[in-house]
Structure formats: C-alpha cells, structure tokens
Amino acid sequence: MQAPPPEHCPGVESEQAGLVSACAGCPNQRICSDPNKKLEDPGKALVAAAMKDVKHKLLILSGKGGVGKSTVTTLLTRYLARSYPDSNFGVLDIDICGPSQPRLLGAVGENVHQSGSGWSPVGIDDNVCLMSIGFLLGSVDDAIIWRGPKKNGMIRQFLSEVDWGTLDLLLLDTPPGTSDEHLSVVSYLRDDSAPDSLKAIIVTTPQEVALLDVRKEINFCKKQRIPIVGVVENMSSFRCGNCGNSSEIFPAKTGGAAAMCQEMDVPLLGSLPLDPQVTRACDSGEDITAINNSTTEALATICSKIMASL
Amino acid sequence: MLDKVKNVIVVLSGKGGVGKSTVSTQLALALRATGHKVGLLDIDLCGPSVPHLLGLEGRDIYQCDDGWVPIYTDESKTLAVMSIGFLLKNRNDPVIWRGPKKTMMIKQFLTDVKWEDLDYLIIDTPPGTSDEHITVMECMREVPCNGAIIVTTPQGVALDDVRKELTFCKKTGIKVLGIVENMSGFVCPHCSDCTNIFSSFGGAELAQLAQVPLLGTLPIDPRVGVLAGSTASVLNELADSSTAQVLRSIVQHLDGLTALPTSA
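Definitions and cut-offs
- Residues numbered from 1 in each chain as written.
- Chains lettered and ligands numbered in written order.
- Predicted model: local features only at pLDDT ≥ 70, side-chain atom pairs only at ≥ 80, totals over all residues.
- Heavy atoms only, no water.
- UniProt positions renumbered as here; feature names shortened; annotations may be inferred.
- Buried < 20%, exposed > 50% of the residue type's maximum accessible area, 1.4 Å probe, protein only.
- Helix = DSSP H or I, 4+ residues; strand = E, 2+ residues; numbered from the N terminus.
- Arc of directions from axis to C-beta.
- Contact = heavy atoms within 4.5 Å.
- Salt bridge = Lys/Arg side-chain N within 4 Å of Asp/Glu carboxyl O.
- Core = buried A, V, L, I, M, F, W, Y, C linked by side-chain atoms within 4.5 Å.
- Buried area = accessible area lost by both parts, 1.4 Å probe.
- Polar contact = N/O pair within 3.5 Å; in protein donor to acceptor, adjacent residues only side chain to side chain.
- Axes fitted to C-alpha atoms, helices over the stretch in contact; angles between N-to-C directions.
- Nonpolar A, V, L, I, M, F, W, Y, C, P; charged D, E, K, R; others polar.
- Pairing = 2+ DSSP bridges.
- Domains from an automatic or database assignment.

Looking at UniProt, chain B carries the name Cytosolic Fe-S cluster assembly factor Nubp2 homolog, with the source organism given as Drosophila mojavensis. UniProt's Function comment on chain B is quoted here verbatim: "Component of the cytosolic iron-sulfur (Fe/S) protein assembly (CIA) machinery. Required for maturation of extramitochondrial Fe-S proteins. The Nubp1-Nubp2 heterotetramer forms a Fe-S scaffold complex, mediating the de novo assembly of an Fe-S cluster and its transfer to target apoproteins." Database annotation for chain B, UniProt heading Sequence similarities: "Belongs to the Mrp/NBP35 ATP-binding proteins family. NUBP2/CFD1 subfamily."

Chain A carries the name Cytosolic Fe-S cluster assembly factor Nubp1 homolog in UniProt, which gives Drosophila mojavensis as its organism. Per UniProt, chain A carries the Subunit text "Heterotetramer of 2 Nubp1 and 2 Nubp2 chains." On record in UniProt, under Subcellular location, the comment for chain A is "Cytoplasm".

(A) Highlighting helix 8 (residues 256-264) of chain A. Residue and element names in this part refer to chain A. Among all positions of helix 8, only G256, A257, M260, C261 and M264 are buried. The buried residues of helix 8 all sit within an arc of 135° when viewed along its axis, so they share a single face. Taken together, the buried residues of helix 8 touch strand 8 (198-204), helix 7 (208-223), strand 9 (228-233) and strand 12 (268-271). Just beyond helix 8, the residue with positive phi is D265, at close to 60°.

(B) Expanded view of the pattern of salt bridges. One pass over the full model with this rule turns up 23 salt bridges over all chains. Notably, a salt bridge pairs E138 of chain B with R147 of chain A, separated by 3.4 Å at the nearest N-O pair. One end of the pair, E138 of chain B, is in helix 4 (residues 131-140); the other, R147 of chain A, is in the loop between strand 6 (128-132) and helix 5 (148-160), on a second chain. Residue classification places E138 of chain B among the partly exposed residues on the basis of a relative accessible area of 33%. Assessed through its relative accessible area of 25%, R147 of chain A is described here as partly exposed. The partner of D74 of chain B in a salt bridge is R32 of chain B, with the nearest N and O atoms 3.1 Å apart. Of this pair, D74 of chain B sits in the loop between strand 5 (71-72) and strand 6 (79-83) while R32 of chain B sits in helix 1 (residues 20-33), and the two are 42 residues apart along the sequence. Through salt bridges that share partners, E208, R215 and E263 of chain A together with E57 and R91 of chain B make up one connected network.

(C) Local environment of the nonpolar core. Core analysis: the largest hydrophobic core is formed by 84 residues, its most contacted members being L76, L159 and W164 of chain A. In this structure, L76 of chain A is in contact with I60, L171, I201, L299, I302, C303 and I306 of chain A, ignoring residues within four places of it in sequence. One finds L41, A158, L166 and I250 of chain B within the second-largest nonpolar core, a separate group that totals 83 residues.

(D) Main features of the interface of chain A and chain B. With 62 residues of chain A at the interface, the matching set in chain B holds 59 residues. Here chain A meets chain B over a buried area of about 5100 Å², counting both sides, of which 56% is carbon and sulfur. When the buried surface of chain A facing chain B is broken down by residue, I145, R147 and K216 of chain A rank first, second and third, together holding 14% of it. There are 6 salt bridges connecting chain A and chain B. Between R147 of chain A and D131 of chain B there is a salt bridge, with its nearest N and O atoms 3.2 Å apart. Remark: the boundary between chain A and chain B carries 28 residue pairs in polar contact (both at pLDDT 80 or more).

(E) Highlighting the packing of helix 2 (residues 42-50) of chain A against helix 5 of chain A. Residue and element names in this part refer to chain A. The contact between helix 2 and helix 5 brings their axes to 8 Å, and the two run at 30°. Counted together, G43, L46, V47 and A50 of helix 2 and R156, L159 and S160 of helix 5 form the full contact between these two elements. Broken down by class, the residue content of the contact of helix 2 with helix 5 amounts to 4 nonpolar, 2 polar and 1 charged.

(F) Structural view of the sheet that holds strand 6 of chain A. All names here are of chain A. Strand order in this open sheet of 8 strands is 5-6-2-7-1-8-9-12, and the pairing throughout is mixed. Looking at which strands have only one partner, the edges of the open sheet turn out to be strand 5 (122-125) and strand 12. For this sheet the average axis-to-axis angle between neighbouring strands, irrespective of direction, equals 25°. Where strand 8 meets strand 9, 5 bridges bridge the pair, whose relative direction is parallel. Pairing of A200 across the sheet is with I228, part of strand 9.

(G) Region of interest: the UniProt feature "binding site: [4Fe-4S] cluster" in chain B. When the UniProt feature table is mapped onto this chain, "binding site: [4Fe-4S] cluster" is found at C188 and C191 of chain B. With respect to the helices and strands, C188 of chain B occurs in the loop between strand 10 (186-187) and strand 11 (194-195). Filtering out sequence-adjacent residues up to four positions away, C188 of chain B remains in contact with C240 and C243 of chain A together with D193 of chain B. On the secondary structure map, C191 of chain B appears in the loop between strand 10 and strand 11. According to the relative accessible area criterion, C191 of chain B is partly exposed, its value standing at 27%.

(H) Spotlight on the side chain of D160 of chain B. Considering the arrangement of structural elements, one finds D160 of chain B in helix 5 (residues 156-172). Sequence-distant contacts of D160 of chain B, defined by excluding residues within four places in its chain, comprise R103 and V140 of chain A.

(I) Spatial organisation of the domain arrangement of chain A. Looking at the assigned domains, one finds that chain A contains domain 1 (1-39) and domain 2 (45-309). Between the C-alpha centres of domain 1 of chain A and domain 2 of chain A the distance comes to 33 Å.

(J) How the structure looks around the side chain of N234 of chain A. Residue and element names in this part refer to chain A. Note on placement: N234 falls in the loop between strand 9 and strand 10 (238-239). Reaching out from N234, the side chain makes a polar contact with the backbone oxygen of V67 at a distance of 2.8 Å. Residues contacting N234, with those up to four places away along its chain left out, are V67, G68, V203, T204, T205, P206, L272 and P273.

So this is what it looks like as structure tokens:
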C-alpha cells in the first residue's frame, strides 16, 4: 500500500524532496531526503520487463484538449495496420478520466480478460490490440474521480501488467496537459540507453488558442528529452459538401501549425482536413482508412514520414 | 474564502476543446454587459486559455498586503480575471506539475486573491474529473456555489466523457444548472447550407437523459472566434447572432436563480 502524499508534497523527484516543511510527518520523508539514495521506482523494472518485446513507443500528445489526439491515434493505427499487415500494433489509452479509444476503434462493450501473463488487451484487428480504462468501467456514466497517485498506479499497471506480446509499435493516446499522466508515462518508458525507443507526435488545430497550449507541450518534450517526430495539424479546413467551397472554421490567425513548427524548430508532418466523414466514423467506430479521400491522402504522407523516422 | 462573492458558477466538461473557456469568457462578458460585477478564475493550470481569449496576455499580477490583485480588464473594474497565465514568465513555458502542487495553487487562487465584491465568480476548468475538480468541489462546500454549467459538443465521443462529468457532479453534490451544446452546426458562408460537422442534438439528448435543462445550442460561428483577443461581448458585437441570444437567455436564467437567497 502506498500512503497518500502530503498535501504540499514537492514531488519525490524534486530537489526539495524530504526537505520542505510539508514533508514533516510524511512516512516517506527519510527515503526522500536521503541524498545518497537515487530513488528508483520499482515499477520501472517491471515495465521494462513487460515491454521488452515492444520495439517502438509513440506518444500522441497535445497541450490542448479536443484537437484530435485520439482521432489521430486511431487513424494512424488503422492506416499503419493496413499498410503493414505483417507488423503488430498496439494502442494504449492513458486518458484515465476521459477514455475515447474504445469508441473510436469500435470496441465499446468489449471485456479485458485476465490470464496467467496478465490482462489481455482487446483485439481490434488481426494486427491491432487496444487497452483502455474504458474496458474496466461498468457503464459509460461511471466517472473516474481520482487524484494523481491513483492515475499513476493505473498507468503503471497498464504498462507492466498487460500482456502486450511482441509489438512493432505501441501508440499511447494521452489526455491534454503536462501533468501526472504525462510525467508517469515518460518516467516509466524513457530509456536513456535507447533514447529512440520513445518518441512523440504532437497534435494541434490551426487556432492560436490551441497553439498556445501546444507550444507548452513541445517544451515539455524538450525538457523531458523526448524526441518529437513532428506535428500533425488537424481540422485545418472544412470543405462544404453542398457547394464544395472551403472554409476555415478554426482560422490560423497566427500562421497555424506551419508557423509554429518553424518557430519551435520541429517538423510539420501534415494537415488533416475537418472531414464530417471522420467525425461520424469517430462516433460509430468504423474504419475509413480504405476510402480514398483527402483525409487518407494526407494520412499516407504522415504515416510514411513517421515510419521513416522510427 | 470568497467572502464578498455572491454567486459562484463552475463551467465544466469531461471533454477538452469543446469550448469551456469560450463559454466562460463570453458568459462573464455577458454578465458584465448586463450590469453585474464579475470575476473569472481560470483553474486550467497546464493550458490556461483565458488570458489569450480576453487579450490580457503579458499582464502582471501585483501583490498587496491582503494578497494577489486580480487583473481588471478596464478602469470600471467590473471584470476581474485570474489565471496562471499571468504568473508565467514566458507564454510558452510549460507548467509540469503533479496533483498536489496544482491543488495548492487552486487553493491559493480561491483564498489569496482579492476578489472584492462580486455578483458572479465564473470558474473555468480543465477537462476531466481529477485533482483540479476535486479540489474546487471541496472548496465549494464552504462558499455559496450555485452550481455547474456543463459544456459539450453533440459528438458521441464528447458525450461519453461529459456523462462522466455529470456523474462527478452527482457524486460531489454540485447542482447542474444545465447543459450548453457548442459547435452544433456550421452554416457555409458560401452557400448557407448547414453541415452538422460534429453531429447534432447530442446535447439535447444528454439533457433529457440526465434530466437537466438544456441552456442553449451554440452553432460554430467563426465570428465569435474572431472576438478572441478582446473583451468585446457577443451581446454587443453580434447582437443578432444566435450565440448572443443563447447567452442572453443563460444570463436571464442565472439572474432568475440568484434572485432567490442562496445558502452554502
């Protein structure tokens, strides 16, 4: 059992760990304040053991919510799985409070089975499997009202106790922000002896209000030493189905993702249009990557850039 | 805590990017335009949007003897704003904090900011049901919180998360004042054909399912997006738009509720 951290806990990785006034009385103060003891989470070794046959891990990140992290994760997974039928792909949804992958990948209502080697992820296709907290909830109405430490415990379980098997690529769909979930997943998966095994893709929309948070996320990656494969701009323009004219619903008043990528010195992988066919497919969980349209054309370019970088 | 604040309204959504901050800022501006003194508190610590939406980026918070002085949008001091965005040296700096530090910051925003006399305090939140939300709900037990406004889009994938937020409200005992459905249709400026990009009627169905009022349905209106970066209210700038109509009716609804004596 883990004791809850004191309210003003500076964080175990902080330089002030065990030294500030809030630490007085905390049962872990002695461990935290010992300068010789490099605190290594025992979970990290478990994760490394469970993940030894997972070749590449790709975080899908964005500082902003609702820009399409989950949609992009789904589209990439499905397109890659179709293009590389001999490779195996996994998706892990670490959005604990708002899991979207079960619906997007058409697996609502599926169950996760426990076996001798851990939880078995849900099979989506011959070469795609998925794990999400959505499978562990009794109903869609069930809320996960957890503070950070419980979310972290869940993420550790997803990484160390799920029988991922042999995967060529594990895509991790994340919640917005730069907080508990992000720090946890990075601390478990970053391997300084193989820095290229964990990389990130950033998703944004062209609006400045989204770019503002996305720049924060890019700086998070830089601080946490996660290489950024590139940025995907989602919802970039809308083509009216009636008259065929394009409108910018989320206008790029500050130059959109292209200008931001230049400013932040990260590559732009491509832009996905705002496509009602995609938003419908999100709700129904159907696979639209076989259709030939502007979305799949853009996906083809993005996917080939990703595969070239891994 | 918040001794001089008459009414507190929390704007929530399980889903990100549905328009919580846009609804929060425009609601604050609409309340001000109808003669109220309003405060707007942004507790999205990792992705604060309020300073940008109100064109207040780069302003600094000053400390006085009693605490932090919020940013006032103009001389009339009728709209006071607080956000972590004002405390960052650089607008691109990430706030990489775990829960306990976020909790501490939010408590400071509620207790150490000199909010003065306010008719309404609007609290804009990040998506989810975690540290920020638990903290704010715990604090709301001690102040006269009127309830929560839930923002959603009509898309099923958003509604899934918003249903979780409704359960959160039920479990933490906060009253749901109603649901605002945002981004519920886009009228093509070229041919006037309306496309329901993110589906339609989702908010109405959810309101019925949860037996809470539907406060209004907001279309995707790029003219509202253009107002970002200023303190212009939709009520004045786009008086005839359906967004203004919905906001007016929400203000009326709130005024009706708050005419009654509120108790903690």
